[in-house]
Amino acid sequence: MDWTRYRFHSRWALPVPPDRVYAALGRAEDYPRWWPQVREVDRVDENTGVVRVRSVLPYDLTFTVRAVRDDPAAGVLEIALSGDLEGWARWTVTADGRGAVARYDQAVRVDKPLLRRLAVPGRPLFRLNHRLMMRAGRRGLAAHLEAV
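An account of the accompanying structure is given in this report. (Residues numbered from 1 in each chain as written. Predicted model: local features only at pLDDT ≥ 70, side-chain atom pairs only at ≥ 80, totals over all residues. Heavy atoms only, no water.)

### Looking at the overall build of the protein chain
Regarding its fold elements, the protein chain presents 4 helices and 7 strands. The N-to-C order of helical and strand elements in the protein chain reads β-α-α-β-β-β-β-β-β-α-α. On C-alpha atoms alone, the protein chain measures out to a radius of gyration of 15 Å, which is about the 15 Å that the 2.2 N^0.38 rule sets for 148 residues. Considering only C-alpha atoms, the protein chain reaches an extent of 45 × 30 × 25 Å along its principal axes. (Helix = DSSP H or I, 4+ residues; strand = E, 2+ residues; numbered from the N terminus. Rg over C-alpha atoms; globule rule 2.2 N^0.38 Å.)

### Description of a nonpolar patch on the surface
Taken together, Met1, Trp3 and Val120 make up a surface patch of nonpolar side chains, about 360 Å² in accessible area. Tracing the backbone through its elements, the reader meets methionine 1 in the segment before strand E1 (5-14). (Patch = residues over 30% accessible without salt bridge, like charges linked within 9 Å, V, L, I, M, F, W, Y side chains within 5 Å. Areas by Shrake-Rupley, 256 points an atom, 1.4 Å probe, with all protein chains shown as cover. Salt bridge = Lys/Arg side-chain N within 4 Å of Asp/Glu carboxyl O.)

### A closer look at the layout of surface pockets
Here the largest pocket defines a volume of roughly 990 Å³. Residue lining of the largest pocket: 48 residues in total, with Tyr31, Val51, Phe63, Val65 and Ile79 positioned closest to the centre. Each residue belonging to the lining of the largest pocket can be placed in one class, and the counts come to 30 nonpolar, 8 polar and 10 charged. What the second largest pocket holds in volume is close to 180 Å³. What lines the second largest pocket is simply Arg7, Phe8, His9, Ser10, Arg11, Trp12, Arg127, His130, Arg131, Met134, Arg135 and Arg138. Elements with a minimum of two residues in the lining of the second largest pocket: E1 and helix H4 (119-147). The class makeup of the residues in the lining of the second largest pocket is 3 nonpolar, 3 polar and 6 charged. (1 Å grid on protein atoms, 1.4 Å probe; cavity = no way out; pocket = protein on both sides within 12 Å on 5 of 7 lines; lining within 4 Å. Points joined across faces, edges and corners; volume = space filled by probe spheres on them. Nonpolar A, V, L, I, M, F, W, Y, C, P; charged D, E, K, R; others polar.)

### Some words on H4
Counted at 1.5 Å a residue, the expected span for H4 with its 29 residues is 42 Å, and the 40 Å between its end C-alpha atoms agrees. A bend of about 30° at leucine 125 is the largest found in H4. (Expected span 1.5 Å × (residues − 1). Bend = angle between axes of the 7 residues up to and from the residue.)

### Section: the sheet that holds strand E2 (residues 38-43)
The strand order E1-E7-E6-E5-E4-E3-E2 describes an open sheet built from 7 strands, whose pairing is antiparallel. In the strand order of this sheet, the two ends are held by E1 and E2, each with one partner. Across the sheet, the mean angle from the axis of one strand to that of its neighbour is 20°, orientation sign disregarded. Relative to strand E6 (residues 85-96), strand E5 (residues 76-83) is paired through 6 bridges, and the arrangement is antiparallel. The residue of E6 that forms the bridge with isoleucine 79 is alanine 89. (Pairing = 2+ DSSP bridges. Axes fitted to C-alpha atoms, helices over the stretch in contact; angles between N-to-C directions.)

### Re the packing of aromatic side chains
For the structure on display, the rule yields 8 aromatic pairs. Summarising the aromatic geometry, the rings of tyrosine 31 and tryptophan 34 are spaced 4.9 Å apart at their centres and angled 50° between planes, so their arrangement reads as tilted. Of this pair, tyrosine 31 and tryptophan 34 both sit in helix H2 (residues 31-34), 3 residues apart, roughly one helical turn. When its relative accessible area of 11% is taken as the criterion, tyrosine 31 is described as buried. Arranged with centres 4.8 Å apart and planes meeting at 55°, the rings of tryptophan 91 and tyrosine 104 form a pair that is tilted. Here tyrosine 104 lies in strand E7 (residues 99-110) and tryptophan 91 lies in strand E6, a separation of 13 residues in the sequence. When sorted by exposure, tryptophan 91 lands in the same class as tyrosine 104, which is buried. Cluster of aromatic residues (ring-pair linked, three or more members): Trp12, Tyr31, Trp34, Trp35, Trp91 and Tyr104. Lying over the aromatic face of tyrosine 6, arginine 123 brings its terminal NZ or CZ to 4.2 Å of the ring centre. (Phe/Tyr/Trp six-rings, centres within 6.5 Å; stacked < 30°, edge-to-face > 60°. Buried < 20%, exposed > 50% of the residue type's maximum accessible area, 1.4 Å probe, protein only. Lys NZ or Arg CZ within 6 Å of the ring centre and 35° of its normal.)

Here you go:
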């Protein structure tokens, strides 16, 4: 097993229409306004940006994201990641009753040297760190969508 590889899955139920969720998730430059752990998003061009995140553990991850798929009809936003993380991430937004579900899937390899050295003993903490970040993101997006 390669201890530096991770697969994450999250499901956010949100009480707003799917098109509003999709639109908010498609504006990555706004993430720092509602997702506390997304510290910076700097656009490089139409399809590329540099992101810096930091959750509970005392380290930052910086990576470049490149849009791979933007399909409003299917509700899919997908990016490729390179830098401290290598891999991909995808949002899939679907209707659910009177609201929406945003499903997040991610498959990455950690390339940050410190995290590679701590891959085996730190793995449970890294997974918990991600879970806490995603929980805060769901809360932040729900509050953001209520406010607009």
